[in-house]
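# Structural overview for review
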Amino acid sequence: RKEVEQDPGPFNVPEGATVAFNCTYSNSASQSFFWYRQDCRKEPKLLMSVYSSGNEDGRFTAQLNRASQYISLLIRDSKLSDSATYLCVVNVPAGGGNKLTFGTGTQLKVEL
Amino acid sequence: DGGITQSPKYLFRKEGQNVTLSCEQNLNHDAMYWYRQDPGQGLRLIYYSQIVNDFQKGDIAEGYSVSREKKESFPLTVTSAQKNPTAFYLCASRGGRYNEQFFGPGTRLTVL
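A brief structural summary.

Parameters and conventions
- Residues numbered from 1 in each chain as written.
- Chains lettered and ligands numbered in written order.
- Predicted model: local features only at pLDDT ≥ 70, side-chain atom pairs only at ≥ 80, totals over all residues.
- Heavy atoms only, no water.
- Helix = DSSP H or I, 4+ residues; strand = E, 2+ residues; numbered from the N terminus.
- Rg over C-alpha atoms; globule rule 2.2 N^0.38 Å.
- Buried < 20%, exposed > 50% of the residue type's maximum accessible area, 1.4 Å probe, protein only.
- Pairing = 2+ DSSP bridges.
- Axes fitted to C-alpha atoms, helices over the stretch in contact; angles between N-to-C directions.
- Phe/Tyr/Trp six-rings, centres within 6.5 Å; stacked < 30°, edge-to-face > 60°.
- Contact = heavy atoms within 4.5 Å.
- Buried area = accessible area lost by both parts, 1.4 Å probe.
- Salt bridge = Lys/Arg side-chain N within 4 Å of Asp/Glu carboxyl O.
- Nonpolar A, V, L, I, M, F, W, Y, C, P; charged D, E, K, R; others polar.

## A closer look at the overall build of chain A
When its secondary structure is counted, chain A shows 0 helices and 11 strands. Along chain A, helices (α) and strands (β) appear in the sequence β-β-β-β-β-β-β-β-β-β-β when read from the amino end. Scaling as 2.2 N^0.38, a compact globule of 112 residues should have a C-alpha radius of gyration of about 13 Å, and chain A matches this with 14 Å. Judged by the C-alpha coordinates and their principal axes, chain A covers about 50 × 30 × 25 Å. Among the 112 residues that make up chain A, the fraction classed as buried is 45%.

## Brief notes about the sheet that holds strand 1 (residues 4-6) of chain A
Residue and element names in this part refer to chain A. The strand order across the open sheet formed by 5 strands is 1-3-8-7-6, and the pairing between neighbours is antiparallel. What marks the edges here is a single partner per strand, and that holds for strand 1 and strand 6 (55-57). Taking the axes of each pair of neighbouring strands and ignoring which way they run, one obtains an average angle of 20° across the sheet. Summarising the sheet, strand 3 (residues 19-25) and strand 8 (residues 70-75) pair through 6 bridges and their orientation is antiparallel. When the bridges of strand 8 are listed, Phe21 appears paired with Leu73.

## Here we look at the packing of aromatic side chains
All chains considered together, the criterion is met by 13 aromatic pairs over all chains. An angle of 45° between the planes, with centres 4.9 Å apart, marks the rings of Tyr25(A) and Phe33(A) as tilted. Relative accessible area serves as the criterion here: at 2%, Tyr25(A) is assigned to the buried category. Where Tyr33(B) meets Tyr35(B), the ring centres are 6.3 Å apart and the plane angle is 20°; that geometry is what we call stacked.

## As for the pairing of strand 4 (residues 31-37) of chain B
Residues and elements named next belong to chain B. Burial runs high along strand 4: 7 of the 7 residues are buried. With burial as the criterion, each face of strand 4 is covered, one bearing Ala31, Tyr33, Tyr35 and Gln37 and the other bearing Met32, Trp34 and Arg36. The sheet contact formed by strand 4 and strand 9 (residues 87-95) spans 7 bridges and is antiparallel. Bridged to Met32 within strand 9 is Ser93. In this sheet, strand 5 (residues 44-51) lies alongside strand 4 in antiparallel orientation, the contact comprising 5 bridges. When the sheet's bridge partners are listed, Trp34 is paired in strand 5 with Tyr47. In this structure, the hairpin formed by strand 4 and strand 5 is closed by a connection of 6 residues, where Gly40 is found at a positive phi of approximately 75°.

## What to know about the interface of chain A and chain B
Between chain A and chain B, the residue contacts involve 18 residues of the former and 21 residues of the latter. Both sides of the chain A and chain B interface together cover about 1600 Å² of buried area, and 53% of this is carbon and sulfur. Per-residue buried area on chain A facing chain B is highest for Arg41(A), Glu43(A) and Phe102(A); these three make up 30% of the total on that side. On inspection of chain A and its partner chain B, the count reaches 1 salt bridge. Of the charged contacts, one joins Asp59(B) and Lys99(A) as a salt bridge, the two residues approaching to 3.2 Å between their closest N and O atoms. Within the residue set of the side of chain A that touches chain B, elements represented by two or more residues are strand 4 (32-38), strand 5 (44-50) and strand 10 (97-102) of chain A. Here the side of chain A that touches chain B takes 5 residues from strand 10 of chain A, the largest share from any one element. Partitioning the side of chain A that touches chain B into residue classes produces 8 nonpolar, 6 polar and 4 charged.

## Some words on the sheet that holds strand 3 (residues 19-25) of chain B
Residue and element names in this part refer to chain B. Here 4 strands make up an open sheet; going across it, the order is 1-3-8-7 and the pairing antiparallel. Edge positions in the sheet fall to strand 1 (4-7) and strand 7 (64-66), since each has one partner strand and no second. Sheet twist, expressed as the average angle between the axes of neighbouring strands with direction ignored, equals 20°.

Laid out in structure tokens, this is it:
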């Protein structure tokens with residue numbers, strides 16, 4: 001089983017739609033969680049951290065379910081500019097420190 | 001402006017040649033990382049450094065070498081021993097409010 005698993009997509013949605021991405025992780029000792037956004041041929045950029053209680057930033061909502069080892073990202077009222085690949089990232093203990101493990105990403109295409 | 005720079009943006013190399021990718025940060029971060037990204041795959045950790053003059057192998061260190069003589073700089077050498085060096089190489093440093101990773105713009109290496 002992969003350490004971090006995501007549905008690769010692509011998700012093709014019309015502008016204004018609500019879309020949800022899911023991510024599961026295998027290491028129950030994982031300590032912190034992030035969603036990154038990566039545009040084509042660019043570097044990943046932090047979209048938001050994921051808090052245990054869930055958190056919202058504008059049109060974006062992140063949820064964490066530790067019992068099910070599951071993270072989600074909800075995008076409301078999607079815009080053309082939201083088209084990108086969304087990476088689920090998990091911080092796991094490793095070698096006395098911590099290591100970020102990246103999912104392969106879910107591709108979103110928002111269309112007119 | 002604070003950030004991470006990588007150079008060059010595109011690099012072409014003949015088989016059998018070593019090549020060094022530059023990564024510089026002025027964020028005053030202690031920890032720095034090198035990843036490679038291949039199409040359809042997540043980021044894979046090559047090497048990381050938690051502090052100056054110290055570094056550890058990541059998941060795919062074979063065929064690569066690094067140095068960390070200065071806090072600001074973490075160059076990566078891709079040696080001729082690396083079997084499949086053509087990839088997108090990303091450097092990152094860790095810090096910030098959520099202790100997240102910030103990425104440089106990447107170097108796209110092609111071996112001819």
